[in-house]
Structure formats: C-alpha cells, structure tokens
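# Per-entry structural report
Residues per chain, in single letters:
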Amino acid sequence: MTASAQYKPDAQDIAAIRRALIANGYRYVPAKGKGPIIKGWPNFPQRLEHVDDYLRTRADHTNTGILTGEIVAIDIDAQDAEIAEKLTARLMEIPCAERAPYRVGKAPKSLFIFLATETRRKVATGEYLVGGAKCQVEVLGNGQQFVAYGNHAETGLPYVWSNGDPLSVPLRDLPEITPEAVDAFLADAEAILATAGTPSKPKHAARVAQTVGGTFWKQVNTAALADTDRWVQSLFSTARKEAGTGAWRVTSEDLGRSLEEDISIHGDGIQDFGTEQPTTAIQLVMEYGGAANPTMAARWLCERLGRDPADFGWETRQPAAPRISFNARPHIVADNDNDAEDAVAEATLDANTIPEADCYPPGAVGKFARWITSCSRFPSPHLSLVSALATTAVLAGRRYKGPTGLRSNLYAVALAESGFGKDISIRAEDAILATATDGEKVAEALLADKLRSLPGLAGRLRKFPVALGVVDEFGKWLAELTGRNAATHSKEILTALMELTGAPFGTWGGAEKAEGNLSRVVQPCLVLHGVSTPSTFWEALGSGNISEGLLGRLLVIDAGTTPPKKVRRPAGSIDNPPAEFGEMVDKLLGWQGSGRFGPGAFYALSANSKNKPWPMVTATYADGVEDVFEGFDDRMRALKVDPQYRPIRSRVGEHAARLALIVAVGCAPEEPVITREIQEWANRIAEASFQAILRGAHDNVADNEKGREYLRIKRMVDAAKSEGLALGVITRRVKGSLDRNRLNDVLAQLEEAGEVVLAEQPGDRGQTRTRYWSRAHLPKDAKPCAKL
C-alpha cells in the first residue's frame, strides 16, 4: 500500500496531495463523497497558491478527485469477483496496461488510469445483473472526474492505489491508450457481461450494443445450440452423442478434472453437472478451447458453423495503430523468398517479463536491487531483483516464518541472454553481506560454493544450517542433475533439493545415501540463486521434471529478449555499497550490539544445526491482507491447466507467501508485517513465474531428440510472425542438422497439430508467396494450400 493510499482526511495532508497532483500534471477537483458539489467544477482553477484557500472555503470537500479527458479512467464497476477478474484480464491485453496504476475503493471493483492519445467523451457498456449484482464498465472522458484520494463513501475506508499512483507517476508517464483500444476492450467487456448476466437497463443496453457489439455473442450461442454437431467434437474429441436424447456428453475424466459428473450439450441448453451450473458454448470454448476472450471464442464457433460473423451482427473494426517501441528492431518487408530470411526482424514481445517497476519492491529487497542495477554497465533490473531476493532470503534465514508457516527458503532462477550483466548480480551478494559488522565472516558463513556432491551439501548445512547456493550457468548444472545419463550422486543432489524445500518445518538428513551417512540437520534453510540463458535452462529439462515437481519449486524470472542499454559510467560501484546497507544487514541478521558474534540466540551466526531456531519471529498480515493472499491462492488452484502442469500450479501460492515474507522482513526485521502492497506484489511475481514456466515448458521441453527438433522448427516459424518462412529459408537455417525427409516430416507433424499452416499469399507486385506461418500469425489474405 502506498503512503497516499493510507491517507486520512487531515487538512495539511489534503493540501499536500493537491499540490503534488498539480506538480505532476494532473487537474484536481475537491470532492464530497463520490464527487464535487461545486458550480463549474470541470473548470476548477489549478493554481498552487490557491490550494489552501479552496480547502478553507470548501472544508466539507475532504476527498480529492482527478479530472478526466486527458486521462482515460477505465472503471470496472463489477461487484461479482469472477466477472471483475475476467474484465481485468481482458484489460491487461491492451499494450502496456500492466503499467497502469489502479485504484480500489470497494473490492472487487477497480479503476485503471491511462494517458489518452485522443480525448473524447465517456463511453460504456450496458448494465448487467450477474448473480443479482450490477456489473458495468465505464470509460470516463471529457467533463468527468473520479475520486483518487480520501475515504470511500460506502466503506468509509481510504482508497487504495497499486502499481503506482498519481502522486508517484507523473501524467506524462502513464501508459498511453488509443480510442481503438478502448473500443475493442469495451466490445469484449460487453461480451463477457452479456454471456454471464442479463441486462438491467434494456434500453440503455440496446443503445450501447450498437456501438460495442450488441447481442452478437448471444446470437452465436443460440446458433451453436441449434447445430451442436458442427462444433462439439472439434472442441471435445472424446465427446459422445446419446442416441435417445441427442445430447453430447463429455466426461469429467476426459476433461482431466476430479469432478464426477459430465457436461451435457443439448439444443435446449448446456449444463455442467459437475459444477451444477448452466454454461454457454462461448464459455466452453474459452474454458476448454483456449480462446483468450469471448470474441475469439465466438469467431471460432462461427468458423465451425460455416457462418460469417456479420450474419450475427458483427461489425468489422479497423485495428488499432501499432505501437512503436524504440527498442524494437526495424521490420523489413521482403518481396520475394530469397530476401525472407533478412525480413524476419520483427521484435518479439517479452510476454513473460514482469514490469520494471515490480523489480523494486519496498524495503531492503528494493534497495538492494536498485543498487545492483546502478552498478552494472549493462543493467538488468530483473537479474538485480533475483539477487536481492536471494540475499534478503538468506539473511532472514530460518528465524522468520510467514502467517502460513512458510519460511524464506527460496529457489530463484533468472533467465537472461548473454550480455545482460549477470556477473554483477552474482558479485553483489558477497558485497552486500560484507557490509555487516562481522564483515567477511557473514559471507563466509552464508555463501555456499557450487553444489556438486550430496556429502558436500550435507556437510555445508551441518556446519551452518543456512546457506545461499549461487549457481552460474544454472542450466548446465541442472543438465548434470536431470540428464538421462546423470550419475547417481548427481541424482541424489536433485532429490535433496526437492527434500530441502520442506525441511525448514522439520529435519533433513539422518539417512544413508549412496555416498554414505548424512548428518541430521534441524530445520535447515537453503536458498538458491541461479542464472541461466533460457535455451540452456529449458534444454536441461524433460517432462519428468515437471511431473516430479522440480519446476514447481523454482521461482523463474525472465529478463526478456530486449538487451539492456549500456551505461558508460555506472552511478554505483560494486566495491562501494551504500553505508546504510551495513545497518540493514545487521538488523536482518539480528545483530544487537558488541561481542564477537553479537549477543543473543537470535543472531543468525549463532545458529546451530542440532537445535531448533529460537526465538522465532512470525510475520503478520495487515488488516484484510489475508483475504488478498487466500483469494489469489484459490484463484491459482482453480485454474484449469494440462494435468502435467498441476504440480507447478499447486505451488504458485507458496511462492507468493515466501516472497511476501522476504519483502516484509526486509521492510521491518523487528516486526515484519505483510501489507496489501507487499502481498499484491508477491502475487504478481509468483503468477508471472508460473506463466513463464508454463510457456517455457510448452514451447521448449522435450524428452527426446525428435521432440527437440519439432520444437526448434516451431519456434523458428513462430518468430517469423506475420512474415512467415519459406521452405528454402527453413532449410538454410537448419544448416544440414536435419535431412530433407526429416524436415518434411517435422513440418507435416506441425501442420497436423495445427501449430503451423502452409499457405499462399498474394504479394504487392502480383506474385504469390508460399510460406509457413504459425496459426496465430496467419495473414488474413493468405489461403492454406496443400503441402509442397
């Protein structure tokens, strides 16, 4: 929670907030409850010297609003939590929406702010009733305002900002949004609402329907029920049709879920007897067919029904103008296949990369990360975050636990291409630890060498039960542990790593292994900091590592594909950490004064592997934060994923709990409190790691050479995006590693799986280009053709 989110109605604070808003480029207006009761308020004067005067003359207007117009405020006014989540997920598909600050007054409602590329008046969806609760999306524009600071009129509690707020993010730094992006979002929002609820104001809903999609989705659902034979088996290959009722049945077992009852799809309606809820064709396609939103699901159904979306009232919209990134490589359009290889220079989206702002959470973790970034000639905030988390986690050691009982034993891996400045992120840990009063003794006690043998690991933890294992080239090291021909002692290290994730609750060791007896260690805390290139990391893994749960135990932070910009003279120096770090590290270690190791059993270097840690400090939740964590954990566990990824899904909540604990301890070692801001940050990082693992495993993990060849060609075609790849280009790129017959076999398999499409596209000069495209990037004017 930001400082501004904790605001209480004090005159001095109100005046400071309003001056800060003016300084940051915003136009404020005094508000009473939900809005101003001031004549001509849309033109309220914005002069610093008049702030105090207006505060005195309008003393009952203790809330502070912000005028919209230049600002676009997207208000997700949904009282149903599931619908609010779906609408927010669709909003996040807008470019740069993940950077938008958002305000919550009465959860699950929320309001996001953007910078308008073009000002206009308010637009909105219709109002819908979902489970008896009103749901609507409004986009505030010219002549309107929203309350940004103060107390919510219904809850009486302060508004809460996340992802920054207008006091910390100047107007010019808000993510931009175009009218086209707004309209496309509203169209899908209308579909989400129409699919889940009923219009509460039919006249208004009908008026809005003409502008943002209307009853298109309802008509598609009706048509799909009227002709189930044309689409059900395309969605559910194991569906069977009952001779008596004519209903299609899909078993829960075939869906990979633990429920007992089936889904019934009949012309009279669709019923999920497992959840005991009715559903629609569009919802099924979204849930089990992978459609990202109702529009995609509806268009898929239109294709299967052999109907033009226009038959159901769909109006084609012009796509929004592309956003230009200064980090993107130039896109060169080729007119013939010989130039196609050079043409594939389109920048790839860093879909798995967390926003840079999230690399700097509050407290010690954020301060460590900022300093590490400042020391590098090739700064990577993501690598800095992993280093800072690992350092703080090992300093917290086994003396802290979170409200759920989890400790700080984090396995964090940063994925980054060569040239991302990983050396600084590794060296920084030693430098930070050395700032403590006991200096090098701290680094000597806490840092472990590369873990190459089980006796070495056991001996290290027996000597000192807290350790930070720093593993450069983590992917290569992992390959030694997970490979088919891995030695017995290597496999035992892998087993130990998985055992040690639960060891802080009890003991580890005391058993006989291949290399001898292991000493018993009471509640050890092993922290891992790994750095790897994405390719070596994913190549080290097989599907067994997924099912065994190894991947689920790793927090993976992807630094993306955009190389960091070189800094000639970094502001920081790895040899000169800030003076404040020494005091921070001492507090985290539990140092309390003089003496060789500081007095008291709480001091980290007093740890004994034979005894339980004492005293133990338990972090607490701030008011309402437990619900934030439990709601996130429930949402993650409810996600429908391929059964092989369930071990990963089940640990996302654990990562969020550990991350929140580590940051909270770094903020206040004496009395750590997990605030809403900390927990929401931890939830975002844990979920980003989960998505990075899912995508990486799906795109890269194979169990044999043929599987790796398949994925290699798929990645090649995917990277070509809208340009596609000619067969000749693919042949040149494999450079003889695949013979022609094998390459043709792989391409045929990709076509059969629907991953790629061989199609013909008319060129600008009348010629026809035959290329392979990924299905997601197949141009509209390209027509699939027979395989060459």
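Preceding this paragraph is the structure being described.
An account of the accompanying structure is given in this report.

Calculation notes
Residues numbered from 1 in each chain as written. Predicted model: local features only at pLDDT ≥ 70, side-chain atom pairs only at ≥ 80, totals over all residues. Heavy atoms only, no water. Patch = residues over 30% accessible without salt bridge, like charges linked within 9 Å, V, L, I, M, F, W, Y side chains within 5 Å. Areas by Shrake-Rupley, 256 points an atom, 1.4 Å probe, with all protein chains shown as cover. Salt bridge = Lys/Arg side-chain N within 4 Å of Asp/Glu carboxyl O. Lys, Arg positive; Asp, Glu negative; His and termini not counted. Charge placed at Lys NZ, Arg CZ, Asp CG, Glu CD. Helix = DSSP H or I, 4+ residues; strand = E, 2+ residues; numbered from the N terminus. Buried < 20%, exposed > 50% of the residue type's maximum accessible area, 1.4 Å probe, protein only. Contact = heavy atoms within 4.5 Å. Pairing = 2+ DSSP bridges. Expected span 1.5 Å × (residues − 1). Arc of directions from axis to C-beta. Phe/Tyr/Trp six-rings, centres within 6.5 Å; stacked < 30°, edge-to-face > 60°. Lys NZ or Arg CZ within 6 Å of the ring centre and 35° of its normal.

## Quick look at a negative patch on the surface
- A cluster of acidic residues, Glu626, Asp627, Glu630 and Asp634, forms a negative patch at the surface.
- When you line up the elements, Asp627 lands in helix α22 (residues 625–638).

## A word on the side chain of Thr391
- With respect to the secondary-structure elements, Thr391 resides in helix α13 (residues 381–396).
- By relative accessible area, which is 0% here, Thr391 ends up buried.

## As for the environment of Leu457
- Examined against the element boundaries, Leu457 turns out to sit in helix α16 (residues 454–463).
- Beyond its immediate sequence surroundings of up to four residues, Leu457 is in contact with Leu451, Ala496, Leu500 and Leu526.

## Some points on the sheet that holds strand β32 (residues 768–774)
- Pairing is antiparallel across the open sheet formed by three strands, whose spatial order is β32-β31-β33. Of all strands in the sheet, those with a lone pairing partner are β32 and β33 (783–784), marking the two edges.

## Some details on α22
- Given a rise of 1.5 Å per residue, 14 residues ought to cover 20 Å, and the 20 Å separating the end C-alpha atoms of α22 matches this to within 8%.
- Looking at α22, one finds that the buried residues are Val625, Val628, Phe629, Phe632, Asp633 and Met636. Projection of α22 onto a plane perpendicular to its axis shows the buried side chains occupying an angular sector of 125°, all on one side. Exposed and oriented more than 90 degrees from the buried face of α22 are Asp627 and Ala638.
- Of the surrounding elements, those touching the buried residues of α22 are β29 (620–621), α23 (646–649), α24 (652–667), β30 (673–674) and α25 (676–700).

## Structural notes on the packing of aromatic side chains
- By the definition in use, this model includes eleven aromatic pairs.
- Pairing Tyr28 with Phe44 gives two aromatic rings, centres 5.4 Å apart and planes at 70°, and the pair type is edge-to-face. Remark: Phe44 occurs in the loop between β1 (28–31) and α2 (51–57) and Tyr28 occurs in strand β1; sequence separation between them is 16 residues.
- A residue is classified by how much of its surface remains accessible, and Tyr28, at 0% relative accessible area, is buried.
- Of note, Arg370 hangs over the ring of Tyr360, and the distance from its end group to the ring centre comes to 4.2 Å.

## Some details on the pattern of salt bridges
- Applying the stated criterion across every chain yields a total of 31 salt bridges.
- In this structure, the salt-bridge partner of Lys134 is Asp77, at a minimum N-O distance of 3.2 Å. Taken as a pair, Lys134 in strand β8 (residues 133–140) and Asp77 in strand β3 (residues 71–78) lie far apart in primary sequence, 57 residues in all.
- For Asp77, a relative accessible area of 9% gives the class buried.
- Across the pair Asp472 and Lys422 runs a salt bridge whose closest N-O atoms are separated by 3.2 Å. One end of the pair, Asp472, is in the loop between β21 (466–471) and α17 (474–482); the other, Lys422, is in helix α14 (residues 422–433), with 50 residues separating them in the sequence.
- The class for Lys422 is partly exposed, based on a relative accessible area of 25%.
- The network of salt bridges with common partners includes Lys34, Lys106 and Glu154.

The analysis is restricted to geometry; functional conclusions fall outside its scope.
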